[in-house]
Amino acid sequence: MKMKLNVDAHLWCLGTYGERYVPGGYFEDMTADQQLEIMSKIEGLTGLFTFYPTAPLPEDPDKLVAKLADFGLKVSNIAVECWSNRKWRHGAFATNEANIRKEAVKLFKESIDFAKAVKADSVLLWPAHDGLDYPFQVNYYDGWKNMVETVREICEYDPKIKIALEAKSKDPRQKQYIRDTGKALALINDVGMPNLGAAIDVGHALMAGENLGESVALLDVHDKLYQVHLNENYKDADPDMIFGTINFWELLEFYYYMNKTDYEGWQAIDIIAPRDDREKSLKLGIKMVWKLQELAEKLKKHEKEIDENMKGYKFADNMDMITDLIF
């Protein structure tokens, strides 16, 4: 098996980063053309993780494909924006409001048609507001039933299109229904559709206390690794920090296990850098992806010895060998 590394990013990596403390953002707006021009010049970046609806980019699929081609880019995956409108505040998929679930299904059906038209690899489903904040606020049986049925209806629309479920433990809700890779796999199992898989967001997995390599292995065993999102944190929140800057050993093991898979999808830079140069931060994140992959490839050449040591739980022997290989 051999993983193929394809790196993409979304326009918000070069956004204003407006949030509740600085609603107007930390930077002035760039035009979409300015953002794409910067991206076009970054070595190792070949795809654009595209939101749906597509504004400020063209909504016509052919025009979008042509515009990105002018900048040497192509659509990687589609991320369906189903969180910023207040109507989603009780969730888009698990809510008891049948009319809201119906709207979510309609939006996803449109996005699936769009994904086919632009030849996207998959469609992201992030249940951002599907969860709870307090005890006795939601009925867990109803929430799970609604989510299973709603996601199943979305997947049934076109079983040839991959739907990637993204887990997150909290934010915007205090507790999310799909909090980690295990819960994602539980939902995937209950939905029972062959085109439903998972997106592993490194920052979300770290915040949820997951072992990154283990999560990759679980998804790979079930053939459900559909997307990878790359950012970092200190495991207590999700600030989307520059990938490769905080949790070195876990990221190295993450890529060691990624290289055990035959994953050929996209790995998306998903960062926010409100207090540093946006362009340099994006370049750094992409550089770190390729550097970590280089290190993992060095380990791959000694995979037999490393795995043999793990069979005997010989951690010190492995770290002695690995540090000699990479430092």
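The shown structure was predicted, so the numbers you read here are calculated from the model rather than taken from an experiment.

Student: Help me understand the pairing of strand β10 (residues 266-269), please; the structure alone is not making it clear to me.
Tutor: Here β10 shows two buried faces, one formed by W266 and A268 and the other by Q267 and I269. Taken together, the four bridges between strand β1 (residues 6-9) and β10 define a ladder with parallel strand orientation. In the sheet register, N6 faces β10, and the bridge partner there is W266. Note: strand β9 (residues 225-230) against β10, three bridges, orientation parallel. Each bridged residue has a counterpart across the sheet, and for L230 the counterpart in β10 is I269. Following the backbone out of β9, through helix α8 (residues 248-258) and into the adjacent parallel β10, one traces a crossover that is right-handed.

Student: Is there a simple way to think about the pattern of salt bridges in this case?
Tutor: Pairing of side chains with opposite charge becomes possible as their charged atoms draw close. Scanning all chains against the criterion turns up 17 salt bridges. For K67, the salt bridge identified is with D33, shortest N-O distance 2.6 Å. Of the two residues, K67 sits in helix α2 (residues 61-70) while D33 sits in helix α1 (residues 32-40), which places them 34 residues apart along the sequence. Residues joined by salt bridges that share partners form a network here, namely K260, K300, E303 and D307.

Student: Explanation requested: the environment of E303 in the structure shown.
Tutor: Among the secondary structure elements, E303 is positioned in helix α10 (residues 303-311). Residues E303 and V7, spaced 296 residues apart in sequence, show a C-alpha to C-alpha distance of 24 Å. Those residues in contact with E303 that lie beyond four places of it in its chain are Y256 and K260.

Student: I keep staring at helix α7 (residues 212-221) and nothing clicks. Help me out?
Tutor: Given 3.6 residues to a turn, an α-helix orients residues that are three or four positions apart in the same direction. All of the buried residues in α7 are L212, G213, S215, V216 and L219. The arc that holds the buried residues of α7, viewed along the axis, is 160°, so those residues lie on one side. After α7 finishes, the residue D223 shows a positive phi value of roughly 55°.

Student: What am I meant to see in the sheet that holds strand β3 (residues 74-80) here?
Tutor: Strand pairing within a sheet occurs via backbone hydrogen bonds; the two strands may be parallel or antiparallel. Taking strand neighbours around the barrel as the criterion, the eight strands line up as β1-β2-β3-β4-β6-β8-β9-β10 in a closed arrangement whose pairing is parallel. The sheet shows a mean angle of 30° between the axes of neighbouring strands, taken without regard to direction.

Student: For this particular structure, what's the right way to read the nonpolar core?
Tutor: Nonpolar side chains in soluble globular proteins generally cluster together in the buried interior. Core analysis: the biggest nonpolar cluster contains 94 residues, and I78, F254, Y255 and I269 have the highest contact counts within it. Of the residues forming this core, the biggest block, nine residues, is contributed by helix α3 (residues 98-118). Those residues in contact with Y255 that sit more than four places away from it in its chain are M3, L5, L230, F243, Q267, V289, L292, Q293 and A296. Counting seven residues, the second-largest nonpolar core is a separate cluster that includes A79, A164, A199 and Y226.

Rules and cut-offs
- Residues numbered from 1 in each chain as written.
- Predicted model: local features only at pLDDT ≥ 70, side-chain atom pairs only at ≥ 80, totals over all residues.
- Heavy atoms only, no water.
- Buried < 20%, exposed > 50% of the residue type's maximum accessible area, 1.4 Å probe, protein only.
- Helix = DSSP H or I, 4+ residues; strand = E, 2+ residues; numbered from the N terminus.
- Pairing = 2+ DSSP bridges.
- Right-handed = clockwise from strand over helix to strand, strands pointing away.
- Salt bridge = Lys/Arg side-chain N within 4 Å of Asp/Glu carboxyl O.
- Contact = heavy atoms within 4.5 Å.
- Arc of directions from axis to C-beta.
- Axes fitted to C-alpha atoms, helices over the stretch in contact; angles between N-to-C directions.
- Core = buried A, V, L, I, M, F, W, Y, C linked by side-chain atoms within 4.5 Å.

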